[in-house]
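Listed below, chain by chain, are the residues.
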Amino acid sequence: MKNRVLVVSIIIFIGLLVSACSPSHPIVGRWEYQSGDYVYFFGTSEIIEFKSDGTVIERDHEEEGKWTAVDGTLTVVSDWGGTDVFSYTIAGNTLTIIDRDFDTIIYRKR
């Protein structure tokens with residue numbers, strides 16, 4: 001019985017260690033407007049912020065939502081219930097977001 005508790009404790013410890021060391025998504029951080037069109041949810045906000053807890057904030061109007069980003073597709077579900085799906089790329093410190101109307105906005109990581 002003691003061996004099982006020890007093994008389970010070690011497995012839990014390793015799991016916590018691995019999750020604490022895993023890198024965050026490259027979109028996480030504060031981004032500053034560089035150029036581009038008005039895009040859904042973000043508008044032309046001077047600052048947008050993606051947090052590691054899945055929260056996204058458009059700083060001009062303090063609009064918030066939840067984000068997921070997988071394989072070049074960014075989905076934002078706003079606090080008011082709307083869902084927007086974007087294409088995105090990150091190259092170095094540059095984030096490019098393209099909305100469903102093909103409007104494009106470019107941000108640089110701060």
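Residues numbered from 1 in each chain as written. Predicted model: local features only at pLDDT ≥ 70, side-chain atom pairs only at ≥ 80, totals over all residues. Heavy atoms only, no water.

S.K.: Outline the side chain of threonine 55, supporting the account with residue identities and numerical values.
M.R.: Of note, threonine 55 is situated in strand β3 (residues 55–58). Not counting chain neighbours up to four residues away, the residues in contact with threonine 55 comprise Glu49, Phe50, Glu64, Gly65, Lys66 and Trp67. (Helix = DSSP H or I, 4+ residues; strand = E, 2+ residues; numbered from the N terminus. Contact = heavy atoms within 4.5 Å.)

S.K.: Mind laying out the packing of aromatic side chains, listing which residues take part and the relevant values?
M.R.: Under the defined criterion, the tally for this structure stands at 6 aromatic pairs. Each ring, one from phenylalanine 42 and one from phenylalanine 50, has its centre 6.0 Å from the other, and the planes form 50 degrees; the classification is tilted. Of the two residues, phenylalanine 42 and phenylalanine 50, neither departs from the other in class, the shared state being buried. Seen from the ring of tyrosine 40, arginine 100 lies directly overhead, with NZ or CZ sitting 3.9 Å from the centre. (Phe/Tyr/Trp six-rings, centres within 6.5 Å; stacked < 30°, edge-to-face > 60°. Buried < 20%, exposed > 50% of the residue type's maximum accessible area, 1.4 Å probe, protein only. Lys NZ or Arg CZ within 6 Å of the ring centre and 35° of its normal.)

S.K.: Please set out the pairing of β3 residue by residue, giving values where relevant.
M.R.: The two faces of β3 match: Thr55 and Ile57 on one face and Val56 and Glu58 on the other face are all buried. Pairing geometry for strand β2 (residues 47–50) and β3, over 3 bridges, is antiparallel. Across the sheet, phenylalanine 50 pairs through a bridge with valine 56, a residue of β3. Connecting β2 to the antiparallel partner β3 that follows it, the hairpin turn spans 4 residues, and glycine 54 within it adopts a positive phi of roughly 90 degrees. (Pairing = 2+ DSSP bridges.)

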